[in-house]
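Chain and residue survey
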Amino acid sequence: MLSRWPIRYKLLFGVATLCLIVTILSVSGFRGVYAYRELVRNISDRALERPAAAELARSVDRLRAAISPLPEVEFPGRSLEKVGLQREAIGLQLTEVTRVLDQYKVALNQSDSGAQYLGDKHRERETVREIEESLETIGERLRSHNWLTDPLDKESLAEEVYHLADLTYELPRYLQKN
């Protein structure tokens, strides 16, 4: 078929085929570059969550440290000053954890980019919801406790704080798993 065409048509056919090949390669190259660029942007956006997650873990550790010096047996005749200081220290740390959790949620919402690969934040949002529930449980236990007359159920409180710590340690791992 091509042998009967004049050289002019053969040359035009060759140039058209070459242009088609160059166009296809250019389009695929540009798509690859833009896909890589989007991936890097998504990784850098998600990396902004890491410091907030690390700060959340540190604040939970400080809460755990504030709860750990509570004595095993609390005596009804303890001084009001000591009870007040312990309650104030734990309350401040609980407020700090809540504040840092709010900062993490802001960072999580800011890095929402809808990326296919790194954009699924369902697990992070579920963990944040569980952290909020855990904080509410701890806060309710501390608010409902009569610090002067009743012994504090330190075991269940410590168990809830350790559960909270485990949840906060999961957050940075989600980005690594993606």
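Source: prediction; values computed, not measured.

Observations regarding the side chain of E160
With respect to the helices and strands, the residue E160 is situated in helix α5 (residues 154-177). Not counting residues up to four positions away in its chain, the partners in contact with E160 are S134, T137, I138 and R141.

A short note on the pattern of salt bridges
All chains considered together, the criterion is met by 10 salt bridges. In this structure, R64 engages D61 in a salt bridge whose closest nitrogen and oxygen atoms are separated by 3.7 Å. Of this pair, R64 and D61 both sit in helix α2 (residues 49-67), separated by three residues, roughly a single helical turn. We classify R64 as partly exposed; its relative accessible area is 26%. Using a relative accessible area of 29% as the deciding quantity, one classes D61 as partly exposed. Here the salt bridges do not stand alone but share partners, grouping E55, R58 and R62 into one network.

Thoughts on the packing of aromatic side chains
Taken as a whole, this structure holds one aromatic pair when the rule is applied. Seen from their ring centres, W5 and F13 are 6.0 Å apart, and the 85° between their planes marks the pair as edge-to-face. Taking the relative accessible area as the measure of exposure, W5 reaches 30% and is therefore partly exposed.

Rules and cut-offs
- Residues numbered from 1 in each chain as written.
- Predicted model: local features only at pLDDT ≥ 70, side-chain atom pairs only at ≥ 80, totals over all residues.
- Heavy atoms only, no water.
- Helix = DSSP H or I, 4+ residues; strand = E, 2+ residues; numbered from the N terminus.
- Contact = heavy atoms within 4.5 Å.
- Salt bridge = Lys/Arg side-chain N within 4 Å of Asp/Glu carboxyl O.
- Buried < 20%, exposed > 50% of the residue type's maximum accessible area, 1.4 Å probe, protein only.
- Phe/Tyr/Trp six-rings, centres within 6.5 Å; stacked < 30°, edge-to-face > 60°.

These figures come from the coordinates and say nothing about function on their own.
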